[in-house]
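Take a look at the letters that make up each chain.
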Amino acid sequence: MFEITKSTVINSLKKISNDKINTSSLTLNSIRKFEFTTEDLSLEIALSTTNSEDVRSLIVNQLKKDFAELKNINLNILTKSSSKVSTHKDAKKDAILPGVKNTIAVASGKGGVGKSTVAVNLAVALAKDGASVGLIDADIYGPSIPLMLGLNDKPKVYQAENSVKMIPLENYGIKFMSIGLLVDQKDPIIWRGPMASGAIKQFMTDVDWGELDYLIFDLPPGTGDIQLTLVQTIPLTGAVIVTTPQEVSLIDARKALKMFERVNVPVLGVVENMSYFIAPDTGNKYDIFGSGGGEKICKELNTTLLGGIPIDPRIRQGGDNGVPMVFGIPDANETKILMDISRKLTDQVNIRNSNAADKIEILLGDED
Ligand code: ADP
C-alpha cells in the first residue's frame, strides 16, 4: 500500500537544491501538521525562507515527483521573515503601542460587503508569510471575528507591574481581541458607541500584544461619529477600504476614503470583494455585482487597487466554520488572490513608511 511518513517527506524535501530555500536544517520537528489519507497530504512546515509562490511550487513539485500517487497536496509554509517588515514611526503609536510596528484599519462604507472576511483572511495571509499579526475586532454592529477564527473564550488576565493585562486569544498564528467578548450584543447601539471607543483604547493599552509587525483593526461599517472617533483614537499607519463593485456600494466607499483623508490617515488601497462568480459546473464567469467598480474608484481617488476577490461559497463556509479560507484551503485560487493582496498591502505599508522616513530626512536637512 502507498504510504508517506514525516521522515520520507523530509528526505524528499532535502533533495531540493535552490537558493530560495534552505532545507539542510529540516528535521521532523519542522513538520507542524501532517495528515495523510490514501491520496491526500496536508502539510504544515516551518522553513527559513521567504514565502512565495516559487517556493511553494518547488516543494509541491518535489513531493509530486517522489510520491506520484498523491492526488492533492495542501501545503502551509510557516516562515520567519518578519524582521524585514518596515516600521511606522509615529510618536502617538509608539506611546500607546510600543511593540507594534504597524496599525492598519480595514473599513467599508457599507455593511455586508465582506470587510470582516477580508480582515481575517488578510491577517492570516500576513502571518503565513512570517509576520507576527494581531487583530482587533472593533465592529460594534456585528463583531464576527471570534466566529470567523473559531474561538470565543473569555480572555485571561494577569497582574503586570502597574496594571492588569489581558492576554489576547490566538488561532491560526494570529492574536486577537473582540469587542464581542466585552459588549452585550443585546445592548442598543447608542450605548455601544461610547463603550466601543473606550474598549478600543483598552484593547491597545491593556492587552499584552507583545511584539507585532501588524495590528489590524476591523472597524464598524460606515462613516458616522462612532467611526470618526475610532479612527482618531487609533494611531493608524493606514487604512484598507473594502467594497463590492456596484455603484450603491462605491458611493459609501468614497465616503470612507474621504473620512480617512479628512483625518490625515493614508489609504493603503482598495479591495474589491465579490468581484465575480465562476460557476463550478460550467466555468462561466458572472459579474453579479457589475465589474470594474474597484478600479474606477481607485482611479478617481488616486489610490491602489489591491485586488479583486470572487464570490466563492468556500469563503463563506470558512467564515461560518471558523477556518479562514487562506488557512483551510491553501491551494485554492482565492487563497492565492488573498495572499497576493496581502503582499501588495505589505508593499504599500513599506512605501508609506519609507516616504515618511524621507520627510524626516528633509526636515533635518533644512535645520543644518
Ligand atoms: P461585513 O464585515 O462587511 O459586514 P462579512 O465579512 O461579515 O461582511 O461578510 C458578509 C457575509 O458574506 C458573510 O457570510 C461572509 O462569509 C460572506 N462573504 C464575504 N465575502 C465573500 C466572498 N468573496 N464569497 C462568498 N461569501 C463571502
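Residues numbered from 1 in each chain as written. Predicted model: local features only at pLDDT ≥ 70, side-chain atom pairs only at ≥ 80, totals over all residues.

### What about the environment of Ser-25?
Quick reminder of the rule: What counts as a helix is a DSSP run of H or I of at least four residues, what counts as a strand is a run of E of at least two, and both are numbered from the N terminus.
For Ser-25, the location among the structural elements is in the loop between helix 1 (6–13) and strand 1 (31–37). For the pair Ser-25 and Lys-14, spaced 11 residues apart in sequence, the C-alpha to C-alpha distance is 8.8 Å.

### Overview of unusual backbone geometry
Note the cut-off: Residues with at least 20 neighbouring C-beta atoms inside 10 Å of their own are called buried, those with 12 or fewer are called exposed, and the rest are partly exposed, where every C-beta is derived from the backbone.
Residues other than glycine seldom take positive phi values, yet Asn-264 does so here, at roughly 60°. Residue Asn-264 is classed as exposed on the basis of its 8 C-beta neighbours within 10 Å. If you check the backbone angles, Met-274 has positive phi at about 55° while not being a glycine. Classification of Met-274 as buried rests on a count of 23 C-beta atoms within 10 Å.

### A look at the site of the ligand
To keep it simple, the criterion reads: Here, nearness means that the C-beta atom of a residue, built from backbone geometry, sits within 6 Å of the molecule or strand in question. Under the scheme applied here, ten amino acids are nonpolar (Ala, Val, Leu, Ile, Met, Phe, Trp, Tyr, Cys and Pro), four are charged (Asp, Glu, Lys and Arg), and all others, including Gly, are polar.
Around the ligand there are 18 residues in total, and Gly-114, Lys-115, Ser-116, Thr-117 and Gly-319 lie nearest to it. For the shell around the ligand, the secondary-structure elements that each account for two or more residues are helix 4 (115–128), strand 12 (267–278), strand 14 (305–311) and helix 10 (313–321). Residue composition of the shell around the ligand, grouped by class: six nonpolar, nine polar and three charged.

### Concerning the nonpolar core
Nonpolar side chains in soluble globular proteins tend to end up buried together. Short version of the rule: A set of buried residues drawn from Ala, Val, Leu, Ile, Met, Phe, Trp, Tyr and Cys, joined through C-beta atoms within 7 Å, is what defines a nonpolar core. Once C-beta atoms have been placed from the backbone, residue pairs whose C-beta atoms lie within 7 Å are recorded as contacts.
One finds Val-106, Ala-123 and Ile-216 to be the most contacted residues of the largest nonpolar core, which totals 78 residues. Sorting elements by how many residues they give to this core places helix 4 first, with nine residues. Among residues more than four places away in sequence, those in contact with Ala-123 are Val-133, Leu-135, Ile-174 and Ile-216. With 10 residues, the next largest nonpolar core counts Ile-21, Leu-43, Ile-59 and Leu-63 among its residues.

### A short note on the domain arrangement of the chain
Put simply, the test is: In this entry, domain limits derive from an automatic or database-based domain assignment.
What the domain assignment reports for the chain is domain 1 (6–80) and domain 2 (84–346). Between domain 1 and domain 2, the C-alpha centre-to-centre distance is 30 Å.

### A few points about the packing of helix 8 (residues 247–262) against helix 9 (residues 293–301)
Selection criterion: In this analysis an axis means a line fitted to C-alpha atoms, helices contributing only their contacting stretch, and an angle means the value between N-to-C directions, from 0 to 180 degrees. Left-handed is the label given to a crossing in which the near helix is rotated counterclockwise from the far helix by less than a right angle, and right-handed is the label when the rotation is clockwise.
Where helix 8 contacts helix 9, the two axes come as close as 11 Å, and the packing angle between them is 35°. Both helix 8 and helix 9 take part in a crossing whose hand is right-handed. Together, Leu-250, Ala-253, Arg-254 and Leu-257 of helix 8 and Gly-293, Ile-297 and Leu-301 of helix 9 make up the contact between the two elements. Taken together, the residues of the contact of helix 8 with helix 9 break down into five nonpolar, one polar and one charged.

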